Amino acid sequence: MNSIDLRNLVLSTIGECLWGLNAALVSSATVLPMLLRRFNAGDECIGAIQAVEAGGVLLPQILGAYIFHSRKKLKKYMVLWHFATMIPFLFCMAGVVFVSPWLPDWAVWTCLLGFFALFMVSMGIVAAAWLDWVAHIFRVEMRGTALGLGFCGASVAGVLGGLIASRLIGDCLAKNPAGNEVFGLLYLLAGGMAGLSILTFAFIYDPGQYQPSDSPRLTTANLVSRIRESLSDPNYRRFLVGRLIAACGFCMMPFVAVYYHSGAGGGLDVSTVVLCGVAFTAGQAISSLLLGRLGDRLGHRLGVLVGACTQVAALGWALAMPGVAGCAAVYLLAGIVAGSGLVSHINMMFETCPHRSRIAHLTAGNLIVGAGAILAPLGGGWIAAHHGIRLLFLICMGLSAAAAVWVGLFVREPRKMAVLSGEEDEPP
């Protein structure tokens, strides 16, 4: 590892740590569902959190292929994008919470979910370009390690963020059970941490800034051609099917907090649920680091399979174990699943690319998975509202088992196949 690799690795890890701290302070798995519930949001609204989160990130990525086409100015445009169109929505959510005493409940949770959706869509537009940029920054021999270390750092920082959020919520609600100002404070802190994170990434060395000529603007014909080429690969299609089934099998995540807050799950208070959510970031830290290193050596299909099997275990535990221990264990296992999604799934996307336009390849997969990632949580919310959360957990456990079987039987390790990994630039 040369000095530039080391510098980029350190800066990337620090940036990911700060972003993980931001995300944990206002976790969409714990803090946001509890906040919406305080304003009497129904199960359909709670289920929409994950639909907005997954669909908002995945579907708009096709727009990013047009906006972030310049290789020379890619880092500059992405940094500006975060400050201009993403981070302000966190401050908007803080503002909604602070003015909530003068608004009806339905207006508060509608605005909160709406600003959250805008935040996720803004993230989605830049997501494929960001991942493609990371793939350029780190060589394939260390990419899994770099991603794993970054996401591990983000998760460790997320543990701190979860502890801070739990302590602040517990102390403030003990003094004023009806007050919600603490949630506004958390969104303000999250916005500040997000800004510091992106500033850190601005100092990463990007060799693309110094190439003699810029990449040409992407045309729709080229994008469609590359997407068609990606989808013509049988192993990539099988991987996408497995990823889609797994995403549908984990559409219940926002309901974990709701379930353990209810009598059926032990009636835990809000701060306790948020504290148990710290186990999520701990599990994500462990699996990101281990699966990243393991994937660099043995291939990332193994990490995808580990994630699918862990989904089954998490859902089984949720059905069998109420109370604090059960809640913490479910979040720990869910964190392992999230680490698999961040490291193993992303690297599988990189390594199944049959051409050199990674951004088109990422867009192709995420458009397909994104459709299911929107519909499944909405359907899950309907099932939870009309038939109960436990039935939703049972259905998701069956889908997770199906995903594990599918990956185990039909998805092949790309490194054992003659697939071009797309390591060099070419016009998209």
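You'll find the structure just up there.
None of these values were measured; they are calculated from a predicted model.

*Asks:* Any chance you could break down the overall build of the protein chain for me, citing the residues and the numbers?
*Replies:* From N to C terminus, the protein chain includes 17 helices and zero strands. Here the C-alpha radius of gyration of the protein chain, 21 Å, is about what a compact globule of 428 residues would show, namely 22 Å. Projected onto its principal axes, the C-alpha positions of the protein chain cover 60 × 45 × 40 Å. Of all 428 residues assigned to the protein chain, the portion counted as buried reaches 58%. For the protein chain, the proportion of contacts with a sequence separation of at least 24, taken over those separated by at least 6, is 87%. With an accessible surface of roughly 16400 Å², the protein chain has 70% of that area assigned to carbon and sulfur atoms. Seen as two clouds, the 27 positive and the 22 negative side-chain charges of the protein chain have centres 3 Å apart.

*Asks:* Could you give an account of the nonpolar core, naming the residues involved and the relevant values?
*Replies:* By size, the foremost hydrophobic cluster in this structure holds 123 residues, and its most contacted members are Leu36, Trp133, Met252, Met253, Tyr331 and Phe393. Counting residues per element, this core draws most heavily on helix H6 (residues 105-137), at 18 residues. With near-sequence residues (within four places) excluded, Trp133 lies in contact with Arg71, Leu74, Lys75, Met78, Phe201, Ile204 and Asp206.

*Asks:* If you had to explain the packing of helix H10 (residues 234-249) against helix H15 (residues 323-351) to someone new, which residues and values would you point to?
*Replies:* The interhelical angle for the contact between H10 and H15, taken along N-to-C directions, is 160 degrees, at an axis separation of 11 Å. Comparing their axes, H15 and H10 come out roughly antiparallel. By crossing handedness, the relation of H10 to H15 is classed as left-handed. Every residue of H15 that contacts H10 at Tyr236, Phe239, Leu240 and Arg243 is listed here: His345, Met348 and Met349. Among the residues making up the contact of H10 with H15, the classes are represented as five nonpolar, one polar and one charged.

*Asks:* Could you give me a rundown of unusual backbone geometry, with the residues and numbers involved?
*Replies:* Here the phi dihedral of Asn40 falls at roughly 65 degrees; this positive angle occurs in a residue that is not glycine. Assignment of secondary structure puts Asn40 in the loop between helix H2 (31-38) and helix H3 (43-58).

*Asks:* Report on H10, specifying residues and quantitative values.
*Replies:* Between its terminal C-alpha atoms H10 stretches 23 Å, which fits the 22 Å expected from 16 residues at 1.5 Å a residue. Of the positions making up H10, those classed as buried are Asn235, Tyr236, Phe239, Leu240, Gly242, Arg243, Ala246, Cys248 and Gly249. Its buried side turned inward, H10 meets H3, helix H9 (220-231), helix H14 (301-320), H15, helix H16 (358-387) and helix H17 (389-410).

*Asks:* Go over the packing of aromatic side chains, please, and point to the residues and values.
*Replies:* Tallying each qualifying case throughout the model produces seven aromatic pairs. Here Phe68 and Trp81 contribute two aromatic rings whose centre-to-centre distance is 5.6 Å and whose plane-to-plane angle is 80 degrees, an arrangement assigned as edge-to-face. Highlighted residues: Phe68 in the loop between helix H4 (61-67) and helix H5 (74-99) and Trp81 in helix H5, separated in sequence by 13 residues. Here Phe68 matches Trp81 in class, with each residue buried. When the ring of Tyr259 is compared with that of Phe393, the centres are 5.4 Å apart and the planes differ by 70 degrees; the resulting orientation is edge-to-face. With a gap of 134 residues between them, Tyr259 in helix H11 (residues 253-261) and Phe393 in helix H17 connect regions that are remote in the sequence. The class for Tyr259 is buried, based on a relative accessible area of 4%. Taken together, Trp130, Trp133 and Phe201 form an aromatic cluster joined through their ring pairs.

Reading the values: the criteria
- Residues numbered from 1 in each chain as written.
- Predicted model: local features only at pLDDT ≥ 70, side-chain atom pairs only at ≥ 80, totals over all residues.
- Heavy atoms only, no water.
- Helix = DSSP H or I, 4+ residues; strand = E, 2+ residues; numbered from the N terminus.
- Rg over C-alpha atoms; globule rule 2.2 N^0.38 Å.
- Buried < 20%, exposed > 50% of the residue type's maximum accessible area, 1.4 Å probe, protein only.
- Contact = heavy atoms within 4.5 Å.
- Areas by Shrake-Rupley, 256 points an atom, 1.4 Å probe, with all protein chains shown as cover.
- Lys, Arg positive; Asp, Glu negative; His and termini not counted.
- Charge placed at Lys NZ, Arg CZ, Asp CG, Glu CD.
- Core = buried A, V, L, I, M, F, W, Y, C linked by side-chain atoms within 4.5 Å.
- Axes fitted to C-alpha atoms, helices over the stretch in contact; angles between N-to-C directions.
- Parallel < 35°, antiparallel > 145°, perpendicular 65-115°, else oblique.
- Left-handed = near helix turned anticlockwise from the far one by under 90°.
- Nonpolar A, V, L, I, M, F, W, Y, C, P; charged D, E, K, R; others polar.
- Expected span 1.5 Å × (residues − 1).
- Phe/Tyr/Trp six-rings, centres within 6.5 Å; stacked < 30°, edge-to-face > 60°.

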